[in-house]
Amino acid sequence: MNDTLKTILNRRSTRKYADTPITREEKNTILQAAMRAPTAGNMMLYSIIEVEDQVLKDKLAITCDNQPFIASAPYVVLFLADYQRWMDLFNWSGAPQACVEKGLQQRLPGEGDLMLACCDALIAAQTAVIAAESLGIGSCYIGDIMENCEQHREMFQLPQFTFPVCLLCFGRPYASRENPRLLKRFDRRFIVHQDRYQSVDPVDFPELMRDAAGQFPADRSGDSVKAYVQALYNRKFVSGFSKEMTRSVKKWMETWTGAEVK
Ligand SMILES: Cc1cc2nc3c(=O)[nH]c(=O)nc-3n(C[C@H](O)[C@H](O)[C@H](O)COP(=O)(O)O)c2cc1C
């Protein structure tokens, strides 16, 4: 197996970090890799904010669903979907006005643009993850950055056509990674379909969950598969953070789609 595959196949999330700082050179390498990621139309519909201020990190540890390890991560980076830069560029170029003069309808970024920009931001983020891993630097995604729209917008002074897709915490793993304990995934037959979508037959649900049960973080159920799925539903789907995420993302989307073309 080549080194790239070894890096990918042995990656796991890192939430406990050694004190060793990440050097500027390492940070630059990680950022360089992120910016080489594929990007829709080569437009780079994302921005990256390095969070160096400890006050901001401490706040994030609270606003991102109370995850204290964020404050102790040596390197924290925010990935934004970003159409603002292009809108500013479009306006500067006079493109919308020229469009109207030709009798065509100008428009503002909408749902499709947001989704595309999210794809760009996430692909850049994951490329950063793999680059870091290849340098012996672990990482963990923080999806909860999508929560608390009002606070995060203010903390990072985010303009209208941006959206915080994910936060990444980087740091060298506190403990050795000789034999990483990898969380199992669903069996490939449930994930990879041939030619058309294939729903899982309910009789296969216990089989689907066979390896997965007990493999999610903070799993405390040791019961039947149904009890396990119910616990997960409560913890991940109807819990406070998921409701807050839905509220907050709705607000973000309104700032994109509720805007009027002037
Ligand atoms: C979009 C996304 C959001 C995530 N958010 C969090 C988070 O807020 N906190 C956390 O500790 N882990 C978070 N994770 C990490 C997952 O929990 C982790 O990838 C998963 O449990 C599988 O573990 P592994 O990465 O070690 O294989 C997130 C991962 C992704 C892809």
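Criteria and thresholds
- Residues numbered from 1 in each chain as written.
- Predicted model: local features only at pLDDT ≥ 70, side-chain atom pairs only at ≥ 80, totals over all residues.
- Heavy atoms only, no water.
- Helix = DSSP H or I, 4+ residues; strand = E, 2+ residues; numbered from the N terminus.
- Expected span 1.5 Å × (residues − 1).
- Buried < 20%, exposed > 50% of the residue type's maximum accessible area, 1.4 Å probe, protein only.
- Arc of directions from axis to C-beta.
- Pairing = 2+ DSSP bridges.

J.: Quick question: what am I supposed to make of helix α2 (residues 24–35) here?
T.: Because an α-helix completes one turn every 3.6 residues, residues spaced three or four positions apart along the sequence face the same direction. If you check α2, its first and last C-alpha atoms are 16 Å apart, about what twelve residues at 1.5 Å a residue would give, namely 16 Å. Within the span of α2, buried status applies to E26, K27, I30, L31, A33 and A34. In an axial view of α2, the angular spread of the buried residues amounts to 160°, which keeps them on one side of the axis. Opposite the buried face of α2, by more than 90 degrees, sit the exposed residues E25 and Q32.

J.: How do you make sense of the pairing of strand β2 (residues 75–82) when you look at a structure like this?
T.: It is a general feature of regular strands that their side chains alternate between the two faces of the sheet. Burial runs high along β2: eight of the eight residues are buried. Here β2 shows a buried face lined by Y75, V77, F79 and A81 and a second buried face lined by V76, L78, L80 and D82. Here six bridges tie strand β1 (residues 46–51) to β2, and the two strands are oriented antiparallel to one another. Looking at the pairing, S47 lines up with L80 of β2. Bridge count for β2 against strand β4 (residues 162–171) is eight bridges, and the pairing is antiparallel. What sits directly across from D82, in β4, is T162.

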